[in-house]
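Chain residues, written in single-letter form:
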Amino acid sequence: AGHVAPSPMTWPSPRPAVAASPVASASAPVAGLASQASTMAASTRAAPGSGAVLRLLVDTHERLRDSDPRGFLNRIAGALQGEPLATAVRHGLRFGDFLWVAGSPDAAPPDCAVLGCVVERKTIGDLVGRSAGGAHTRQIERLETCGLPHPFLLLEGDQRQAASFPVYDEDACAARGSPDAIRCADDIDDLCAHLLITGSPVGVLSTRDAEGTARLLAQLSRWLGRRHRRRPPDPARPSPSLAAFEVEARRRAGQREDLRATLLAAGVPAAA
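Note that the coordinates shown come from a computational prediction; the quantities given were computed from them, not determined experimentally.

*Asks:* Lay out the pairing of strand E4 (residues 113-123) in plain terms, naming residues and giving numbers.
*Replies:* Of all the 11 residues making up E4, 10 are buried; the element is thus mostly covered by neighbouring parts of the structure. Of the pairings in the sheet, the one linking strand E3 (residues 98-103) to E4 comprises 4 bridges and is antiparallel in character. If you follow Leu 99 over to E4, its bridge partner there is Val 118. Bridge count for E4 against strand E5 (residues 150-156) is 7 bridges, and the pairing is parallel. Following the sheet pairing, Thr 123 is matched in E5 by Glu 156.

This is the structure in structure tokens:
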């Protein structure tokens, strides 16, 4: 049977949270995805044809431990075995930790077409440890404004253990308060509920460990690959290249920060 995350966070998310398991079907993590229209104002490159190779780009900072920088990539590559037109590649990403592109086998990642899905991975320890300064909040906001139809926050680990991890930056943020601090599983539930109530486009996924994350990413890869092969490129709405997407996503994030600064200067609380 498929594993169900023990925390109630599986319900208060914009899309059903999915916990990866060794026997989960390939369609499970994407069954609840809602199609959303998305356009890019930056220059775009048409998506490659049927001979394109799908690449799961893994950010260069994603690793199991510093002493094993390629260990996580190798696990993902292992989960992708049996997919001849899909591969996992390390690449420095400006947005998210995992992002899918498609292009000819000899095309560089920046020239490949973005397939509309990006994932930000947070282990429970990292989520708690950097939460007082609002690191996770800023990352979620960047996902919200990036322009892709399927942005996800992936929570890896047992959320019931959240209270056992220290909040490293709480003392440094004490002067201005720490409204975003996450100290326990209930705080994670509150975060997911907030995303749902505010209509955030960011969905929440859940896995038990790095192995589960690798399997989940492989499942998403298979879904995106089938979707890409079944839908021929639309010349009227070409997919953005990775380079164009990153430029546009950075512009959108900057606009949000400018609006926040304007509201704060006018005395409007940030939470508004």
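Resuming the write-up.
*Asks:* Now, about the sheet that holds strand E6 (residues 203-207): what can you tell me, with residues and values included?
*Replies:* The strand order across the open sheet formed by 6 strands is E2-E1-E3-E4-E5-E6, and the pairing between neighbours is mixed. Looking along the sheet, the strands with just one partner apiece sit at the ends: strand E2 (86-90) and E6. Within this sheet the neighbouring strands show an average axis-to-axis angle of 25°, counted without direction. Two elements, E5 and E6, share 5 bridges in a ladder whose sense is parallel. Of the residues in E6, the one forming a bridge with Leu 153 is Val 204. Across the face of the sheet, helix H6 (residues 242-265) comes into contact with strand E1 (53-58), E3 and E4 while running at roughly 140° to E3.

*Asks:* Which residues make up the nonpolar core, and what values go with them?
*Replies:* In this structure, Leu 99, Ile 188 and Phe 245 are the most contacted members of the largest nonpolar core, which totals 33 residues. Of all the secondary structure elements, the ones that give two or more residues to this core are E3, E4, helix H2 (124-129), helix H3 (135-145), E5, helix H4 (185-197) and H6. With residues near it in sequence (within four places) discarded, Leu 99 still touches Arg 55, Leu 56, Leu 57, Leu 93, Val 114, Cys 117, Val 118, Leu 148, Leu 242 and Phe 245. Residues Phe 98, Leu 205, Ala 210 and Trp 223 belong to the second largest nonpolar core, which totals 28 residues.

*Asks:* I'd like a rundown of the packing of H3 against H6, residues and numbers included.
*Replies:* Helix-helix packing: each pair is described by the crossing angle between the helix axes and the interaxial distance. Where H3 meets H6, the axes come as close as 8 Å, and the angle between the chain directions of the two elements is 120°. Classed by the angle they form, the pair H3 and H6 counts as oblique. The way H3 lies across H6 gives a crossing that is right-handed. Every residue of H6 that contacts H3 at Glu 141, Arg 142, Glu 144 and Thr 145 is listed here: Arg 252, Ala 253, Arg 256, Glu 257 and Arg 260.

Cut-offs applied
Residues numbered from 1 in each chain as written. Predicted model: local features only at pLDDT ≥ 70, side-chain atom pairs only at ≥ 80, totals over all residues. Heavy atoms only, no water. Buried < 20%, exposed > 50% of the residue type's maximum accessible area, 1.4 Å probe, protein only. Helix = DSSP H or I, 4+ residues; strand = E, 2+ residues; numbered from the N terminus. Pairing = 2+ DSSP bridges. Axes fitted to C-alpha atoms, helices over the stretch in contact; angles between N-to-C directions. Contact = heavy atoms within 4.5 Å. Core = buried A, V, L, I, M, F, W, Y, C linked by side-chain atoms within 4.5 Å. Parallel < 35°, antiparallel > 145°, perpendicular 65-115°, else oblique. Left-handed = near helix turned anticlockwise from the far one by under 90°.

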